[in-house]
Amino acid sequence: MWFDTPAIRQLIDLGLTEDVGTGDAATDATVDPTLQRTAGVVAKSPLVVCGGPLFAQVMRRVDPTITVTQLVAEGARATPGERVLSIDGRVAAILTAERLALNFMGRLSGIATAARRCADAVAGTNAVVLDTRKTLPGFRSLDKYAVRTGGGGNHRTALDAGILIKENHIMAAGGVAEAVSRARASGTHLLKVEVEIERLDQLEAAIAAGADVVMLDNMDNALLREAVALARGRVQLEASGNMDLARLPSVAATGVDFISMGALTHTVTVGDLSLRLDP
């Protein structure tokens, strides 16, 4: 499973060190360390399930003998009261790992739920809602996995995953055409070049210089429609800036190819999940 990477193991260990400290005082005082039981994770609100394998990994990091069975698949919707995971193992270990495991899964389920709402909002159009690099430090791969699980798309994963020329690059290079030309000369055929423009009079220069994608920054819907007409399919267009769920259908209807939305990962409403021991 791709979740089992050195970076994610390190993130889990950091979380356990932070949360457990020198020991789980309440559990150590009240729970027989040999007691075995089954527990369940239940959705307390409607959500898109995401992060079950990560939940299991946290549990196994505390006690490798714990088993976790996912009852609602990744990317599927869960209703309030629905059991999404079943856990079997030592009660003491389950309780020690509980909060960190729920924190991970709650965040990912919250992102996936938001991504699903956004994907539903643009259904029937050609637009894809993308995330950005506005992720929680250390959580980049997890946050972006959650967006994909919810039906959204990923923008570049890191600075080396694509050339995105923004306003400061343009200013430093001396203009849109010069910046795109330099990027084309330094990159490879496998590395896409995207340039951000703030005015429609920059669009033709970006296309002529060879941009693969043009980001239309903070433009209203009328300007977006005009950009689509001017581009005539010669370049992919991405709308960005001041995006929220309510605006997505009208932006998608302008004909842009992509809509990037930082709020998918920087303003997260955590999925409400609860763990309870079975009687």
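This text follows the structure it describes.
Report follows, based on the coordinates. Quick caveat: nothing in here was measured; it's all calculated off a predicted structure.

1. A short note on the overall build of the protein
A tally of regular secondary structure across the protein gives 11 helices and 12 strands. Taken along its principal axes, the extent of the C-alpha atoms in the protein is 70 × 35 × 25 Å. Buried positions account for 49% of the 279 residues belonging to the protein. When the accessible area of the protein is evaluated, it comes to approximately 13300 Å², of which 54% is carbon and sulfur surface. For the protein, the centre of its 28 positive side-chain charges and the centre of its 32 negative side-chain charges are spaced 2 Å apart.

2. What about the nonpolar core?
Among the nonpolar cores identified, the biggest contains 80 residues, and Phe55, Met59, Ile87 and Val214 are the most heavily contacted of them. Per element, the largest residue contribution to this core is 13 residues, and it comes from helix α4 (residues 91–121). Once residues lying within four places of it in the same chain are set aside, the contact partners of Phe55 are Val41, Val68, Leu85, Ile87, Ala101, Leu102, Met105 and Leu275.

3. Focus on the layout of surface pockets
Over the atoms, a rolled probe matching the size of one water molecule traces out where space is still vacant. Taken as a whole, the largest pocket spans an internal volume of roughly 380 Å³. If you trace the largest pocket, you find 20 residues lining it, with Thr132, Lys134, Lys166, Ser240 and Ser260 closest to the centre. Among the elements of the structure, β9 (213–217) and α11 (263–266) are those that each provide at least two residues to the lining of the largest pocket. Taken together, the residues of the lining of the largest pocket break down into 5 nonpolar, 8 polar and 7 charged.

4. Side note on the sheet that holds strand β7 (residues 163–165)
Strand order in the open sheet formed by 6 strands is β6-β11-β10-β9-β8-β7, with parallel pairing between adjacent strands. Every other strand in the sheet has two partners, leaving β6 (128–130) and β7 as the edge strands with one partner each. This sheet shows a mean twist of 25° between the axes of neighbouring strands, independent of strand direction. Alignment of β6 against strand β11 (residues 258–260), held across 3 bridges, turns out to be parallel. Bridging from a neighbouring strand, Val128 pairs with Phe258 of β11. Against the sheet, helix α9 (residues 221–231) touches β9 and β10 (236–240), its axis set at about 170° to β10.

5. What to know about the environment of Asp272
Inspection of the secondary structure puts Asp272 in the loop between α11 and β12 (273–277). For the pair Asp272 and Glu198, spaced 74 residues apart in sequence, the C-alpha separation works out to 39 Å. In this view, Asp272 contacts Val42, Ala43, Lys44, Ser45 and Leu47; residues no more than four positions away in its chain are not counted.

6. Structural notes on the packing of α4 against helix α5 (residues 140–149)
The contact between α4 and α5 brings their axes to 7 Å, and the two run at 40°. In this view, α4 runs oblique relative to α5, as classed from their interaxial angle. The crossing of α4 and α5 is right-handed. The residues of α5 that touch α4, namely those facing Phe104, Arg107, Leu108, Ile111, Ala112, Ala115 and Arg116, are Leu142, Asp143, Tyr145, Ala146, Val147 and Thr149. Residues that form the contact of α4 with α5 fall into these classes: 9 nonpolar, 1 polar and 3 charged.

7. Regarding the side chain of Asp63
Of note, Asp63 is situated in the loop between α3 (52–62) and β3 (67–70). Here Asp63 falls in the buried class, since its relative accessible area comes to 6%. Of note is the side chain of Asp63, whose polar atom sits 2.7 Å from the side chain of Thr65. At 2.9 Å, the side chain of Asp63 forms a polar contact with the side chain of Arg90. When residues no more than four places from it in sequence are discounted, the contact partners of Asp63 are Arg90 and Ala93.

8. Let's talk about the sheet that holds β3
Taken together, 4 strands build an open sheet; the order of strands is β3-β5-β1-β12 and the sheet is antiparallel. Strands at the two margins of the open sheet, each flanked by one partner only, are β3 and β12. Averaged over all adjacent pairs, the angle separating strand axes in this sheet is 20°, with direction ignored. Running over the sheet, α4 touches β1 (36–43), β5 (83–90) and β12 and is turned about 155° from β5.

What counts, and at which threshold
Residues numbered from 1 in each chain as written. Predicted model: local features only at pLDDT ≥ 70, side-chain atom pairs only at ≥ 80, totals over all residues. Heavy atoms only, no water. Helix = DSSP H or I, 4+ residues; strand = E, 2+ residues; numbered from the N terminus. Buried < 20%, exposed > 50% of the residue type's maximum accessible area, 1.4 Å probe, protein only. Areas by Shrake-Rupley, 256 points an atom, 1.4 Å probe, with all protein chains shown as cover. Lys, Arg positive; Asp, Glu negative; His and termini not counted. Charge placed at Lys NZ, Arg CZ, Asp CG, Glu CD. Core = buried A, V, L, I, M, F, W, Y, C linked by side-chain atoms within 4.5 Å. Contact = heavy atoms within 4.5 Å. 1 Å grid on protein atoms, 1.4 Å probe; cavity = no way out; pocket = protein on both sides within 12 Å on 5 of 7 lines; lining within 4 Å. Points joined across faces, edges and corners; volume = space filled by probe spheres on them. Nonpolar A, V, L, I, M, F, W, Y, C, P; charged D, E, K, R; others polar. Pairing = 2+ DSSP bridges. Axes fitted to C-alpha atoms, helices over the stretch in contact; angles between N-to-C directions. Parallel < 35°, antiparallel > 145°, perpendicular 65-115°, else oblique. Left-handed = near helix turned anticlockwise from the far one by under 90°. Polar contact = N/O pair within 3.5 Å; in protein donor to acceptor, adjacent residues only side chain to side chain.

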